[in-house]
Amino acid sequence: MNFIKQIERLKRIHRLISSGKTGAPSVFAKKLSLSRSQLYNELEIIKELDAPVKYCKKRESFYYETPFELILIFSLKIIKDDESREIFGGSHFRPSLLDGSMISLL
């Protein structure tokens, strides 16, 4: 469930930035139980979502240069045993539904 943890971490980062309560990078990283370099990796992800993240040395806090709303939505589906047989990964040969010959799925 690493994906869910990352989504939750991004949401927490956004809340802290929005409230102006991040502190200096080392303090911010500590609040999130991350190293400083991991924090910057997470901030890069948010910036890739067009977030105008900046840092103010005077206030010692990250902030959004312009108003920004981060909405992250995800959904999960439990795959039942009979559905899992229809999933193929990697290189696998499977009969073609059209002519009965073998095709390679890459």
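Below: a short report on this structure. (Residues numbered from 1 in each chain as written. Predicted model: local features only at pLDDT ≥ 70, side-chain atom pairs only at ≥ 80, totals over all residues. Heavy atoms only, no water.)

1. Section: a nonpolar patch on the surface
Okay, so step 1: Nonpolar side chains collect at one region of the surface, where F3, F74 and L76 lie side by side and expose about 310 Å² of accessible area between them.
Okay, so step 2: By secondary structure assignment, the location of L76 is in the loop between β2 (61-64) and α4 (81-84). (Patch = residues over 30% accessible without salt bridge, like charges linked within 9 Å, V, L, I, M, F, W, Y side chains within 5 Å. Areas by Shrake-Rupley, 256 points an atom, 1.4 Å probe, with all protein chains shown as cover. Salt bridge = Lys/Arg side-chain N within 4 Å of Asp/Glu carboxyl O. Helix = DSSP H or I, 4+ residues; strand = E, 2+ residues; numbered from the N terminus.)

2. Digging into the environment of F28
Okay, so step 1: Within the element layout of this structure, F28 appears in helix α2 (residues 25-31).
Okay, so step 2: Residue F28 is classed as buried on the basis of its relative accessible area of 0%.
Okay, so step 3: Taking the C-alpha atoms as reference points, F28 and I13, 15 residues apart in sequence, are found 8.8 Å from one another.
Okay, so step 4: Setting aside chain neighbours within four positions, we find F28 in contact with I13, L16, I17, T22, G23, L39, L43 and F62. (Buried < 20%, exposed > 50% of the residue type's maximum accessible area, 1.4 Å probe, protein only. Contact = heavy atoms within 4.5 Å.)

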